[in-house]
Amino acid sequence: MKKIRILAVVFICLFTANTTFAGDGKLIATAGLIQVEGAGGGGLVPWATLPGYDSRDEYSVNAFSSYVTVDDYKLHALGASVSLYDRVELSVAQQSFSIKAGAGDIEQTIVGAKVRLYGDVIFSRWPQVSLGVLHKSLKDDAIALALGAQDTSGTDVYIAATKVHLGAVSGYNLVWNATVRYTNANQMGLLGFGSVNDDSHELMLECTVGVLFNRHLAVGGEFRQKPDNIALPEEDWKAAFVTYIPNKNFNITVAYAMLGSIAGADDQNGLYVSIGGTL
Amino acid sequence: MKFIQQLIILLAILLGLSACSSTSTTTLYDELGGETKIREIAENLVLEFEMDEYILPYYEGSDINRFVEKLTEYICEVADGPCVYTGRSMVDVHTGMNITESHYNRLVDLSINAMDKAGIPHRTQNKLLARLAPTRKDMLYR
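Residues numbered from 1 in each chain as written. Chains lettered and ligands numbered in written order. Predicted model: local features only at pLDDT ≥ 70, side-chain atom pairs only at ≥ 80, totals over all residues. Heavy atoms only, no water.

(A) Fine view of the overall build of chain B. Of the regular secondary structure elements, chain B holds nine helices and zero strands. For chain B, the α and β elements follow one another from N to C terminus as α-α-α-α-α-α-α-α-α. With the principal axes as the frame, chain B shows a C-alpha extent of 60 × 35 × 25 Å. In chain B, 73% of the contacts between residues at least 6 apart in sequence involve partners at least 24 apart. Total accessible area computed for chain B in this model is approximately 7600 Å², and 58% of it derives from carbon and sulfur atoms. Taking the average location of the 14 positive side-chain charges in chain B and that of its 20 negative ones, the two points are 7 Å from each other. (Helix = DSSP H or I, 4+ residues; strand = E, 2+ residues; numbered from the N terminus. Contact = heavy atoms within 4.5 Å. Areas by Shrake-Rupley, 256 points an atom, 1.4 Å probe, with all protein chains shown as cover. Lys, Arg positive; Asp, Glu negative; His and termini not counted. Charge placed at Lys NZ, Arg CZ, Asp CG, Glu CD.)

Next up, the structure:
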């Protein structure tokens, strides 16, 4: 965790220097962001996009830090990734989840990989399509197992399609994403994987719609369907976001997150703030 | 799943809005400001090329006046204006240049600069870019 944190700080310092480095071969605001599990995406949902502005002749190095605070819980996610030749993304992220009223937290490490299978988010006729995996492992077994999960590590596999339509909404650019994820993670894995005696892997649908009001500002919404494996009920996630992308090295997103019931506490709503940087 | 329905409805409304606006009788050519403005964009683009270390080599030795002339015709035709493009095909023009993906995207960035400097509104810029985007495959790695 500490190493990743130092790494992220170093990256973020570099970004603010606004240096031109490996890749700026994509159009501004078309690289997407990094979502809460470390994959290139929106905020909650992984997209087909690879973070960073590398084209097929370039690479990029990316980092993000996201903070979510809802009524009874908070989550901090931090991570870094590389995108190689706009083809392969490798990511690592650390999540730290805690109850506001209590001490201690649940920590999870997520290692991810994604391959772009087809297309260009803007220029191909059909959407850009990517296939990804996210392997998650909890640091401590106790809470997940006590809540009735089968495992303390698990793997999600997802396929995502993303497209930008130039000028599609009375002249504004439209972006949409649809993702199907094969998962058994309870609350993203923070409450373990599967339920007692049942692996529980199933398909979940996730999607995003956004409008780019100029070259630097995007507004939209996300939806993430969630499984409901253990006794404590779990509900679908929703968010409405505003993203500001001043340059190709930095982005900041503020969202209102509606995360439903989490570990016995209902109607968990609150703020999501994320900064991302890329070189 | 209610939120997902709302997202889909929002998407449908947004696309519906654009469908209405695109059935209007004004052409993109008019919206851009006619031939004068299109020529200004073409001239601005040449200036952008001249200042760009990556793009300049592609155009070194080419006839600038002819380039402005043909590009003006091309944009005019693409935007449904009263012109006929008399230059060579996009494939012919760019064959041998071996334009990379990142240089193509840079070209789009420079085009946006050229349109910004000509005072073309953001939404009109996007509409023109949308019409030019399909020619990308004729220009890359040839």
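(B) Focus on the state of the cysteines. Residues and elements named next belong to chain B. Taken as a whole and assessed by the stated rule, the structure comprises one disulfide over all chains. Bridging Cys76 to Cys83, the disulfide has an S-S length of 1.8 Å. Because the sign of the S-S torsion sets the handedness, a value of about 75° for the bond joining Cys76 and Cys83 places this disulfide among the right-handed ones. Across the pair, Cys83 and Cys76 agree in class, each one buried. (Disulfide = S-S within 2.5 Å. Buried < 20%, exposed > 50% of the residue type's maximum accessible area, 1.4 Å probe, protein only.)

(C) Region of interest: the interface of chain A and chain B. Tallying the contact residues gives 35 residues for chain A and 29 residues for chain B. When chain A packs against chain B, close to 2800 Å² is buried across both sides, 64% of that on carbon and sulfur atoms. Where chain A meets chain B, there are three salt bridges. Residue Arg56 of chain A is joined to Glu101 of chain B by a salt bridge in which the shortest nitrogen-to-oxygen separation is 3.4 Å. Listing elements by their share of the side of chain A that touches chain B, those giving two or more residues are strand 8 (153–169), strand 9 (172–183), strand 10 (202–212), strand 11 (217–224) and strand 12 (237–247) of chain A. Of the residues forming the side of chain A that touches chain B, the biggest block, five residues, is contributed by strand 10 of chain A. (Buried area = accessible area lost by both parts, 1.4 Å probe. Salt bridge = Lys/Arg side-chain N within 4 Å of Asp/Glu carboxyl O.)

(D) Representation of unusual backbone geometry. Residue and element names in this part refer to chain A. Not every positive phi belongs to a glycine, and Asp86 is a case in point at roughly 50°. Checked against the element boundaries, Asp86 lands in the loop between strand 4 (73–84) and strand 5 (88–99). A positive phi angle, near 35°, is found at Ser170, a position not held by glycine. For Ser170, the location among the structural elements is in the loop between strand 8 and strand 9.

(E) A look at empty space enclosed by the protein. Residues and elements named next belong to chain A. Counted according to the given criterion, the structure contains six cavities of 30 Å³ or more. Its boundaries defined by the atoms lining it, the largest cavity holds a volume of some 260 Å³. Considering the residues around the largest cavity, the lining is formed by 23 residues, among which Leu33, Gly42, Trp47, Phe241 and Thr243 are closest to the centre. Of all the secondary structure elements, the ones that give two or more residues to the lining of the largest cavity are strand 11, strand 12 and strand 13 (250–258). Residue contributions to the lining of the largest cavity peak at four residues, all from strand 12. (1 Å grid on protein atoms, 1.4 Å probe; cavity = no way out; pocket = protein on both sides within 12 Å on 5 of 7 lines; lining within 4 Å. Points joined across faces, edges and corners; volume = space filled by probe spheres on them.)

(F) Expanded view of the pairing of strand 14 (residues 269–278) of chain A. Residue and element names in this part refer to chain A. The pairing of strand 3 (residues 59–70) with strand 14 spans nine bridges and is antiparallel. Counted as the bridge partner of Phe64 is Gly276 from strand 14. Bridge count for strand 13 against strand 14 is nine bridges, and the pairing is antiparallel. Along strand 14, the bridge assignment pairs Met258 with Asn269. (Pairing = 2+ DSSP bridges.)

(G) Expanded view of the pattern of salt bridges. All names here are of chain B. For the coordinates displayed, the defined rule picks out 23 salt bridges over all chains. A salt bridge links Glu35 to Arg39, with the shortest nitrogen-to-oxygen separation between them at 3.1 Å. Note that Glu35 and Arg39 are positioned in helix 3 (residues 34–50) at a spacing of four residues, about one turn of the helix. Residue classification places Glu35 among the partly exposed positions, given a relative accessible area of 37%.

(H) Structural view of the environment of Val91 of chain B. Residue and element names in this part refer to chain B. Relative to the helices and strands, Val91 resides in helix 6 (residues 90–94). Sequence separation between Val91 and Arg142 is 51 residues, and the spatial gap between their C-alpha atoms is 7.8 Å. Not counting chain neighbours up to four residues away, the residues in contact with Val91 comprise Asp138 and Arg142.

(I) The arrangement of the sheet that holds strand 12 of chain A in detail. With antiparallel pairing, the twelve strands of this closed barrel are ordered in space as 3-4-5-6-7-8-9-10-11-12-13-14 (chain A). Averaged over neighbouring strand pairs, the angle between their axes works out to 20° when direction is ignored. (Axes fitted to C-alpha atoms, helices over the stretch in contact; angles between N-to-C directions.)

(J) Broad picture of the packing of helix 5 (residues 64–78) of chain B against helix 8 (residues 122–132) of chain B. Residues and elements named next belong to chain B. Running from N to C, helix 5 and helix 8 point in directions that differ by 100°, and their axes come no closer than 10 Å. The pairing of helix 5 with helix 8 is recorded here as roughly perpendicular in orientation. Two secondary-structure elements touch here, helix 5 through Tyr74, Ile75 and Val78 and helix 8 through Leu128, Arg131 and Leu132. Residue composition of the contact of helix 5 with helix 8, by class: five nonpolar, no polar and one charged. (Parallel < 35°, antiparallel > 145°, perpendicular 65-115°, else oblique. Nonpolar A, V, L, I, M, F, W, Y, C, P; charged D, E, K, R; others polar.)

(K) Seen up close, the side chain of Ser130 of chain A. Residues and elements named next belong to chain A. You can see Ser130 is positioned in strand 7 (residues 128–138). A distance of 2.7 Å separates a polar atom in the side chain of Ser130 from the backbone oxygen of Ala48. When residues no more than four places from it in sequence are discounted, the contact partners of Ser130 are Ala48, Leu50, Lys114, Val115, Arg116, Leu117, Tyr158, Ile159 and Ala160. (Polar contact = N/O pair within 3.5 Å; in protein donor to acceptor, adjacent residues only side chain to side chain.)

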